[in-house]
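Spelled out from the first residue to the last, the chains are:
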Amino acid sequence: MNSTSSNTPKTNRSWSAHFTRRRIAVAACLLIATGYLLMAGPGSTEQSFCADIFSPRRIVLAPLLCLSGYLLIIVAVLRKG
């Protein structure tokens, strides 16, 4: 047996790599929260119809923000340090 083998790990993750991954994850969470906030609002009832539920902000922009946030979370998790 070779007694000169090193017990240190081959990859040293630096503090800046963890910081970068955390910043990406926080930015992704902010995107997701912003998307859900843009989707929120008054809804329609049987007595009154609110046409705002079909606005481009609610059916296009907000889901795109949420989707991009979820994809960014995946990037943050899979990013090498």
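As a reminder, the structure under discussion sits directly above these lines.
This section reports on the structure supplied with the text. (Residues numbered from 1 in each chain as written. Predicted model: local features only at pLDDT ≥ 70, side-chain atom pairs only at ≥ 80, totals over all residues. Heavy atoms only, no water.)

1. Points about the side chain of Arg58
Counting through the fold element by element, Arg58 comes out in helix 2 (residues 56-78). Buried charge without a salt bridge: Arg58, with Asp52 as the nearest opposite-charge side chain at an N-O distance of 4.4 Å. Excluding residues that lie within four positions of it along the chain, Arg58 makes contacts with Leu38, Met39, Ala40, Gly41, Pro42, Asp52, Ile53 and Pro63. (Helix = DSSP H or I, 4+ residues; strand = E, 2+ residues; numbered from the N terminus. Buried < 20%, exposed > 50% of the residue type's maximum accessible area, 1.4 Å probe, protein only. Lys, Arg positive; Asp, Glu negative; His and termini not counted. Salt bridge = Lys/Arg side-chain N within 4 Å of Asp/Glu carboxyl O. Contact = heavy atoms within 4.5 Å.)

2. Comments concerning the packing of helix 1 (residues 15-39) against helix 2
Where helix 1 meets helix 2, the axes come as close as 8 Å, and the angle between the chain directions of the two elements is 160 degrees. One element, helix 1, and the other, helix 2, form an angle in the roughly antiparallel class. The handedness of the crossing between helix 1 and helix 2 comes out as left-handed. Its residues assigned to classes, the contact of helix 1 with helix 2 comprises 19 nonpolar, four polar and three charged. (Axes fitted to C-alpha atoms, helices over the stretch in contact; angles between N-to-C directions. Parallel < 35°, antiparallel > 145°, perpendicular 65-115°, else oblique. Left-handed = near helix turned anticlockwise from the far one by under 90°. Nonpolar A, V, L, I, M, F, W, Y, C, P; charged D, E, K, R; others polar.)

3. Focus: helix 2
Between the first and last C-alpha of helix 2 there are 32 Å, a value that for 23 residues agrees with the 33 Å anticipated at 1.5 Å per step. Within helix 2, the full set of buried residues consists of Arg58, Ala62, Leu65, Cys66, Gly69 and Ala76. Considering only its buried residues, helix 2 is in contact with helix 1. (Expected span 1.5 Å × (residues − 1).)

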